[in-house]
Amino acid sequence: MPVYIVLIYAFIVWIDPYGLLKQGKKRDFYMSSVLCLISFVLAFSLAMHWEIPSPSPPIVHFIRQLF
C-alpha cells in the first residue's frame, strides 16, 4: 500500500504544482507544495499503520484557557 501512495503523490506533484510554476505563480506553488507535503506525510503514515496523535486534547485545553 505505501508504494501506491508514493506513486499517486508523485503523479499529483508532477501534474498539479508544476503548472503553477510555469504560470509564474510562485506563492501559490509554494503553498500548494507545503500542503501536498503535509497530505503526503499523513497518507503515508496511515498506510504504514503508524499511530497519529489526535490534536483534539491540546485544542480543548487551549480553548478552556481562553474562557
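This text follows the structure it describes.
Scoring rules and cut-offs
Note that residues are indexed from 1 along each chain, following the sequence as it is written. The predicted origin of the model limits local features to residues at a pLDDT of at least 70 and limits the giving and counting of side-chain atom pairs to 80 or more, whereas totals for whole chains, interfaces and linings rest on all residues. To obtain the side-chain values, all non-hydrogen atoms of the structure were used and water was disregarded. Each helix corresponds to a stretch of at least 4 residues labelled H or I by DSSP, and each strand to a stretch of at least 2 residues labelled E; elements are numbered beginning at the N terminus. Atoms considered for the radius of gyration are the C-alpha atoms alone. The globule rule reads 2.2 Å times the number of residues to the power 0.38. Relative accessibility under 20% of the residue-type maximum defines a buried residue, over 50% an exposed one, and the middle range a partly exposed one, all with a 1.4 Å probe and only protein chains included. For accessible areas, the Shrake-Rupley method is used with a probe of radius 1.4 Å. Any residue's cover is judged against the shown protein chains and nothing else. Under the convention used throughout, the expected extent of a helix is 1.5 Å for every residue step, that is, one less than its residue count. Bend, at a single residue, is the angle you get between axes fitted to the 7 residues ending at that residue and the 7 residues starting at it. Pairs of residues are marked as contacts when any of their non-hydrogen atoms sit within 4.5 Å. Here a patch means residues that are over 30% exposed by relative accessible area and free of salt bridges, tied together within 9 Å if like-charged and within 5 Å if nonpolar (Val, Leu, Ile, Met, Phe, Trp, Tyr). The salt bridge criterion pairs a side-chain nitrogen of Lys or Arg with a carboxyl oxygen of Asp or Glu, the two atoms within 4 Å.

A. Summary view of the overall build of the chain. Within the chain, the regular secondary structure consists of three helices and zero strands. Traced from its N-terminal end to its C-terminal end, the chain shows the element sequence α-α-α. For 67 residues, the compact-globule estimate of 2.2 N^0.38 gives 11 Å, and the C-alpha radius of gyration of the chain, at 17 Å, exceeds that figure by more than 25%. The dimensions of the chain, computed from C-alpha atoms along their principal axes, are 45 × 30 × 10 Å. Within the chain, buried positions represent 13% of all 67 residues. In the structure as shown, the chain presents an accessible area of about 6000 Å², 72% of it carried by carbon and sulfur atoms.

B. Just helix α1 (residues 2-22), in detail. Taking 1.5 Å as the rise per residue, α1 with 21 residues should run 30 Å; its terminal C-alpha atoms sit 30 Å apart, in good agreement. A bend of about 25° at Val13 is the largest found in α1, and the proline Pro17 appears one to four places after it. Turning to α1, its buried residues are Ile5, Tyr9 and Pro17. Here the buried face of α1 lies against α2 (26-47). Where α1 terminates, the next one or two residues include Gly24, which has phi positive at roughly 85°.

C. Quick peek at unusual backbone geometry. Backbone geometry places His49, a non-glycine residue, at a positive phi of 60°. For His49, the location among the structural elements is in the loop between α2 and α3 (56-66). The class of His49 is exposed, set by a relative accessible area of 73%.

D. Representation of a nonpolar patch on the surface. Taken together, the side chains of Met1, Val3, Tyr4, Leu7, Ile8, Phe11, Ile12, Trp14 and Ile15 make up a nonpolar region of the molecular surface, amounting to roughly 1000 Å² of accessible area. Summarising the element assignment, Val3 is placed in helix α1. Owing to a relative accessible area of 58%, Val3 belongs among the exposed residues under this scheme.

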